[in-house]
Amino acid sequence: MKQYSIAFLLVSALTFGSCSDFLDRDPLSQASENTFWQTEADAQTGVNALYPLLPDSRDFWRDCQSDNSLMTNAWGESGLGYICQGSHNAATGYLSEEWKYDHIRRILYYLDRLEGMEIDEAKKKRFEGEARFILALRYYRMTRHFGDIPLIKEKPIDLEEAALPRSPKQEVLDYALENVNKAIDYLPETYSGDDIGRITKGAALTLKADMYLDMASYAKFHKGQDATDLWKEAANAAKQVIDLNLYGLEDDFAYIFKAEANNNNKEVILAFQYKEDEKTHMLPILASPAGTGITGQGWASFCPTRQLVDSYETTDGKTIYESDLYDKNNPWDNRDARLKKTFFLPGYECLRPNGSYEPYMPHPAYNKDERINHEGGGITGYMYLKYNDQELEKPDASWTNFSLYRYAEVLLIYAEALNEYDPNNTQIAWAVNQVRKRAELPGVDKLIGNQEAMREKIREERRHEFVAEHKRYFDILRWKTAEKVLNEPGYGINKDEKAPIGDYTVEQFLGQNRTFDASKHYLWPIPQSAKDKNPNLGQNPNW
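What counts, and at which threshold
- Residues numbered from 1 in each chain as written.
- Predicted model: local features only at pLDDT ≥ 70, side-chain atom pairs only at ≥ 80, totals over all residues.
- Heavy atoms only, no water.
- Helix = DSSP H or I, 4+ residues; strand = E, 2+ residues; numbered from the N terminus.
- Buried < 20%, exposed > 50% of the residue type's maximum accessible area, 1.4 Å probe, protein only.
- Contact = heavy atoms within 4.5 Å.
- Areas by Shrake-Rupley, 256 points an atom, 1.4 Å probe, with all protein chains shown as cover.
- Lys, Arg positive; Asp, Glu negative; His and termini not counted.
- Charge placed at Lys NZ, Arg CZ, Asp CG, Glu CD.
- pLDDT = per-residue confidence, 0-100.
- Expected span 1.5 Å × (residues − 1).
- Axes fitted to C-alpha atoms, helices over the stretch in contact; angles between N-to-C directions.
- Left-handed = near helix turned anticlockwise from the far one by under 90°.
- Nonpolar A, V, L, I, M, F, W, Y, C, P; charged D, E, K, R; others polar.
- Salt bridge = Lys/Arg side-chain N within 4 Å of Asp/Glu carboxyl O.
- Phe/Tyr/Trp six-rings, centres within 6.5 Å; stacked < 30°, edge-to-face > 60°.
- Lys NZ or Arg CZ within 6 Å of the ring centre and 35° of its normal.
- Pairing = 2+ DSSP bridges.

Caption draft 1: Spatial organisation of the overall build of the chain. Tallying secondary structure elements over the chain gives 21 helices and ten strands in all. Overall, the chain is about 70 × 55 × 50 Å in size when its C-alpha atoms are taken along their principal axes. When each of the 543 residues of the chain is scored for burial, the buried share is 60%. By sequence separation, contacts in the chain at least 24 residues apart represent 70% of the contacts at least 6 residues apart. Carbon and sulfur atoms form 45% of the exposed surface of the chain, whose accessible area is close to 20,800 Å². Charge-centre separation for the chain: the mean point of 65 positive side chains lies 2 Å from the mean point of 85 negative side chains.

Caption draft 2: Examining the confidence of the model for the chain more closely. Confidence in the prediction of the chain, expressed as mean pLDDT, is 93, and 94% of residues score 70 or more. Predicted confidence is poor over residues 1-32, with pLDDT under 50, and the contacts of this stretch with residues over four places away or in other chains come to 68 contacts.

Caption draft 3: Spotlight on helix 11 (residues 201-222). Helix length check: helix 11, at 22 residues, gives a terminal C-alpha distance of 31 Å against a target of 32 Å (1.5 Å per residue), a fit within 8%. Burial analysis of helix 11 places 20 of its 22 residues in the buried class, which makes it a mostly covered element. One or two steps after helix 11, the chain reaches Gly224, where phi turns positive at roughly 65 degrees.

Caption draft 4: Geometry of the environment of Gln307. Here Gln307 lies in helix 14 (residues 306-310). The sequence separation of Gln307 and Pro489 amounts to 182 residues, and the corresponding C-alpha distance is 9.5 Å. Once residues lying within four places of it in the same chain are set aside, the contact partners of Gln307 are Arg463, Glu488, Pro489, Gly490, Tyr491 and Arg514.

Caption draft 5: Focus on the packing of helix 17 (residues 427-438) against helix 18 (residues 451-465). Following both chains from N to C, one finds helix 17 and helix 18 inclined at 35 degrees, their axes separated by 11 Å at the closest point. The element helix 17 and its partner helix 18 pack so that their crossing is left-handed. Here Ile428, Val432, Val435, Arg436 and Arg438 of helix 17 lie close against helix 18, whose contacting residues are Met454, Lys457, Ile458, Glu461 and Glu465. Taken together, the residues of the contact of helix 17 with helix 18 break down into five nonpolar, no polar and five charged.

Caption draft 6: Spotlight on helix 18. Taking 1.5 Å per residue as the helical rise, helix 18 with its 15 residues ought to reach 21 Å, and the 21 Å between its terminal C-alpha atoms agrees with that figure. Buried within helix 18 are the following residues: Met454, Arg455, Lys457, Ile458, Arg459, Glu461, Arg462, Arg463, His464 and Glu465.

Caption draft 7: Here's a closer look at the pattern of salt bridges. On inspection of all chains with the given rule, the structure shows 50 salt bridges. Here Arg58 ties to Glu97 by a salt bridge, and the two come within 2.5 Å at their closest N and O atoms. Linking Arg58 in helix 4 (residues 58-61) with Glu97 in the loop between helix 6 (82-85) and helix 7 (101-115), this pair joins segments that are 39 residues apart in sequence. Across the pair Glu416 and Arg478 runs a salt bridge, and its minimum N-O distance is 2.8 Å. One end of the pair, Glu416, is in helix 16 (residues 407-421); the other, Arg478, is in helix 19 (residues 472-478), and 62 residues separate them in sequence. Neither Glu416 nor Arg478 differs from the other in exposure class; each is buried. In the salt-bridge network here, residues are joined through shared partners; they are Glu267, Glu313, Asp336, Arg338, Lys386, Arg406, Arg436, Arg438, Lys457, Glu461, Glu465 and Glu469.

Caption draft 8: Molecular detail of the packing of aromatic side chains. Under the defined criterion, the tally for this structure stands at 28 aromatic pairs. Through a chain of ring-to-ring contacts, three or more aromatic side chains come together here, namely Phe60, Trp61, Phe253, Phe257, Phe302, Tyr312, Phe343, Tyr384, Tyr387 and Phe402. Positioned above the aromatic ring of Phe474 is the side chain of Arg144, whose terminal nitrogen or guanidinium carbon lies 4.1 Å from the ring centre. The ring of Trp543 is capped by Lys520, whose NZ or CZ atom sits 4.4 Å from the centre of that ring.

Caption draft 9: Expanded view of the environment of Leu404. Relative to the elements of secondary structure, Leu404 occurs in strand 8 (residues 402-406). The class of Leu404 is buried, set by a relative accessible area of 10%. Along the sequence, Leu404 and Asn534 sit 130 residues apart, while their C-alpha atoms lie 32 Å from each other. Non-local contacts of Leu404, meaning those with residues more than four positions away in its chain, are made with Leu54, Pro55, Leu270, Ala271, Phe272, Glu409 and Lys471.

Caption draft 10: Local environment of the pairing of strand 8. Burial analysis of strand 8 places five of its five residues in the buried class, which makes it a mostly covered element. Direction of pairing for strand 2 (residues 268-272) relative to strand 8: antiparallel, over a ladder of four bridges. Paired with Leu270 across the strands is Tyr405, a residue of strand 8.

Caption draft 11: Summary view of the pairing of strand 9 (residues 490-494). When you tally the buried positions in strand 9, you get four out of five residues, the bulk of the element. Examined bridge by bridge, strand 9 and strand 10 (residues 508-512) share three bridges and lie antiparallel to one another. Looking at the pairing, Gly490 lines up with Gln512 of strand 10.

If you want it as structure tokens, here you go:
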């Protein structure tokens, strides 16, 4: 299987120019480009150059926007860590990472050029479907952050030059859904050979389900509206993915996040593609503490919170506060199987540069390289195994693909939507139980009909299944729970090294304080840099 072929094409398109150069330029000033947009190969090169506009491994960092994780240096990355602290403002540079009208222009430019090409019609539609998926995803993501935004449709224009005002959020989402539906119609269910890893019909259906789930959540939990039709649309789209019979859950949760699983698993529906020595990311060195791994290099850039670690159930399906199985001296035993596969936990036998395996000991009393509040030690005493590889000789150059949509999410979207409009439907348990079975947790059949209890169980499943995949932040926004979970500090391990490590009643290290102002933080401010160029943008409430 040529599992890295698509990744190589994307890297080539960006590195060696051709179409990507055109996409970055003003089309009106490039008369010579008319000689480029002629062949099927030109069209494919053009759409390849759009794939890097998909979300990538940077989304791992963005879990720090939620209550799951903390940025060790909140000011880093132009202020990414300010989001969960509630200290961001319109001048925070990081906001521009999500205000991406240069991406919108590139995609629309491609679609405009593709329209006039005389190539095989089936291939032309497929290329259009890929581009429209990327366009829809970008618009959807911007509305999730900024609400009302300018809407540019079909023809590429410069936002600042046009000085467009903002359009209502729903109008933008309606246009995004038009594009998603075209993608569903135009895209194949599968690819072969060099094309494995491209956007599929299943990916487009999953995006549609995701969008309707988000719209339904805002209608119900923010506006108090009847969202039955929206929940049904979400469930129906998810069911269509299920009925493709192309996807399933991998037996080993950890396997999905290793390079050997790249385009070689049944669970990932769409991933950002990486290739060894060609297109890489830095997650292993960022997610590791100092002194660990074969190189001993670790920056501990982001750290899971104590609240997240403690929220994982015991194997009887209860919380650690309720279960007789919980042992505060051995707190990682008899727990959700994902816990040990997701995190570097105190006592974890980790690889060291000398080839030995020794316990991870982050408490300052042990004076190890990985001690918290020390360079490379992080601030909570927990780190990540997900997307990590302790044996990498170049931990700043991982080529593990970064998942954007997995079958587990389809199952949980299906269950959540059904529970909101048809809570007695046994398909809810059917879907949730599959995810919980892999985590070695009991089923939820007894919760059928208890909408509130099932809702909370599904929400916890999403939290634990998608740690560091940038799902949690959007979840707590749409559920309107951010004002609760982000208005408490993020904590770490116990201060007293002699106390049982799982004793949640003793004083813990403070990671960071966090604030969420419900009057304005459900939306981000329009970046000041964008407002300076286009005074018609206005600003979001209370910013």
